[in-house]
Amino acid sequence: MATTLLSFLGRGPYAPDGKRKPYLKTQYQFDSWTSPEVTFFLHAALDWLRGRRGMTPDRLVVLGTSGSMWDELVLALCTAQSNEDRRRIDELCLHLLSRVDEQKTGHDDLDQVQKELAHVLKIDVHTELIPNGRTQEEQAQILKALQRHVRDGDRVILDVTHGFRHQPMLALGAAVLLARLRNAKIEEILYGANDMRAASGPAPVVFLRWLLDLLEWADSIGQLRAGGRLRSLTRVVQDGKLQKALADTAFLLATNQVHQAGVAAKKCQLALAQVDPDPVLDLTRDAIDAILAEVAGCQRDAQGILNVARTALREQDYVRTSILLVAALEKYEEREGVSLDPERVREIRNLRNSLAHASPRSDTAIKQALDSRREMEQTLQSQLDWLETQVNLKKEQP
């Protein structure tokens, strides 16, 4: 598993008259470790990864525009080991100076930058020109560049300190894609917050990796609210007791053990109430509890099963919807000691049998339901509404 450090390179400070202003040296505070004074945050990040995390990158990828400060990057990171090295580095920086100011840095120029950085840092280095990212097409090119340099299973550290202000947002989007498409593990997202530095003292380093966890939570909550997928939460919940309770309940739901799922969901609610404070979980606690309450209703009555059946229909899981409909029907007739309209009951059972056993039916209504998604959803919705009406009528009777 290779470790890749991805970094953006910005244009740097320019005075109103168009003349370049020098980069100021700054110390950076990584938790308990303070970096030496450096011109680029990338320099401090490399030292921190090597010395404090024991994670020397196998690959450094620097992305910048034709006007990014490539010459300053070479000066900051390329320490001369000999007079020959110094002469070569000085000549390269002098060549890059005008190219950067005129925003004309080209691929041949970056080949030389890449070669010098690799020689000094003793790691694989890739430098790449990217567009400014004004349009959606340009932004997509930046995302492609980030993906191009990450291999399957890589550990990735993203440095979003320099570059245009919108590029960190693109980097966050890229991090999500890299995790999905390349199975990459995003170890950390770093921002050297020089703009948060006090009058004296180092600039704080902001660790942003938790934003990916937040996006995972958002995805899981979306699946939960759309289709009641409790298993989606097991990816993001950290509390072991709650995680196991959710997994057990999800299994019972997936195997249509509705009564047992209701009992298990109640245990989930108790475990959720006992979880230690967590900033993201606290934001989503009410939504999770509401879904669990619906599932817990499976233990009590037909209405609880119908609630879960509706979530299955929203998820377009027609087989589960029909199976849960029959379960709700049987629970209602058993609990109330009644027999419902035999024709409607037959329709519900026949559709369940057809879907569960993948068997074609001669019944005209079932053939029509199987004709399209629209027809299937209308049929199941009608059956749900009818059974719920029977349940509610019984409740209203004195």
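Scroll up to find the structure this text is about.
Participant: Please explain unusual backbone geometry as it appears in this structure.
Facilitator: Most peptide bonds take the trans form, and the phi angle of most residues other than glycine is negative. The phi angle at D31 is positive, at roughly 50°, despite the residue not being glycine. Along the polypeptide, D31 turns up in the loop between β2 (28-30) and β3 (33-34). A positive phi angle, near 55°, is found at Q103, a position not held by glycine. Residue position: Q103 is located in the loop between α3 (83-101) and α4 (107-121).

Participant: Got a minute to help me understand the packing of helix α11 (residues 302-314) against helix α12 (residues 318-336) in this structure?
Facilitator: For any two helices packed against each other, one specifies the crossing angle of their axes together with the interaxial distance. Look at α11 against α12: their axes get within 8 Å of each other, and the N-to-C directions meet at 170°. In terms of axis orientation, α11 runs roughly antiparallel to α12. Facing A302, I305, L306, V308, A309, A312 and L313 of α11, the residues of α12 in contact are Y318, R320, T321, L324, L325, A327, A328, K331 and Y332. Of the residues that constitute the contact of α11 with α12, the class distribution is 13 nonpolar, one polar and two charged.

Participant: In this structure, what is going on with the packing of aromatic side chains? I would like to understand it.
Facilitator: When we look at a pair of aromatic rings, we describe it by the centre distance and by the angle of the planes. Applying the stated criterion across every chain yields a total of five aromatic pairs. Taking 5.0 Å as the distance between ring centres and 80° as the angle between the ring planes, the aromatic pair formed by Y28 and F41 counts as edge-to-face. Placement of Y28 in strand β2 and of F41 in helix α1 (residues 41-51) is noted, with a sequence separation of 13 residues between them. On the basis of relative accessibility, which here comes to 3%, the residue Y28 falls in the buried class. For F41, a relative accessible area of 0% gives the class buried. Aromatic ring contacts, followed pair by pair, group Y28, F30, W33, F41, W48 and F207 into a single cluster.

Participant: Please explain the sheet that holds β2 as it appears in this structure.
Facilitator: In any sheet, the strands associate via hydrogen bonds between backbone groups, in a parallel or an antiparallel arrangement. Pairing is mixed in the open sheet, where eight strands are placed in the order β3-β2-β8-β7-β6-β1-β4-β5. A strand with exactly one partner marks an edge of an open sheet, and here the two such strands are β3 and β5 (124-129). Across the sheet, helix α5 (residues 136-148) is in contact with β1 (3-9), β4 (59-64) and β5; its angle to β1 comes to roughly 150°.

Participant: Is there a simple way to explain the nonpolar core in this structure?
Facilitator: The tendency in soluble globular proteins is for nonpolar side chains to be buried side by side. Counting residues in hydrophobic clusters, the biggest one holds 56 residues, and the most contacted among them are W217, L230, L233, L246, I288 and L387. Those residues within four positions of L230 in sequence are excluded, and the remaining contacts are L224, L246, T249, A250, L253, I291 and L292. In this structure, F30, W70, L92 and V113 belong to the second largest nonpolar core, which totals 40 residues.

Participant: It is not clear to me how α5 should be interpreted in this structure. Could you clarify?
Facilitator: Helical periodicity: at 3.6 residues per turn, an α-helix aligns residues three or four positions apart in one direction. Look at α5: 18 Å from first C-alpha to last across 13 residues, which is about the 18 Å you get at 1.5 Å a residue. Burial in α5 covers these residues: I142, L143, A145, L146 and Q147. The secondary structure elements touched by the buried residues of α5 are β1, β4, β5 and α6 (167-181).

Participant: Before we go on, may I ask you to explain the environment of L233 in this structure?
Facilitator: Tracing the sequence through the fold places L233 in the loop between α7 (210-227) and α8 (240-254). For the pair L233 and A293, spaced 60 residues apart in sequence, the C-alpha to C-alpha distance is 15 Å. Apart from residues lying up to four places away in sequence, L233 is in contact with W217, S220, I221, L224, L246 and I288.

Participant: Can you walk me through the environment of Y14 in this structure?
Facilitator: With respect to the secondary-structure elements, Y14 resides in the loop between β1 and β2. A sequence separation of 87 residues divides Y14 from D101, and the C-alpha atoms of the two residues are 9.8 Å apart. Look past the residues within four positions of Y14 in its chain and what remains in contact with it is K19, R20, K21, M69, V100 and D101.

Reading the values: rules and limits
Residues numbered from 1 in each chain as written. Predicted model: local features only at pLDDT ≥ 70, side-chain atom pairs only at ≥ 80, totals over all residues. Heavy atoms only, no water. Helix = DSSP H or I, 4+ residues; strand = E, 2+ residues; numbered from the N terminus. Axes fitted to C-alpha atoms, helices over the stretch in contact; angles between N-to-C directions. Parallel < 35°, antiparallel > 145°, perpendicular 65-115°, else oblique. Contact = heavy atoms within 4.5 Å. Nonpolar A, V, L, I, M, F, W, Y, C, P; charged D, E, K, R; others polar. Phe/Tyr/Trp six-rings, centres within 6.5 Å; stacked < 30°, edge-to-face > 60°. Buried < 20%, exposed > 50% of the residue type's maximum accessible area, 1.4 Å probe, protein only. Pairing = 2+ DSSP bridges. Core = buried A, V, L, I, M, F, W, Y, C linked by side-chain atoms within 4.5 Å. Expected span 1.5 Å × (residues − 1).

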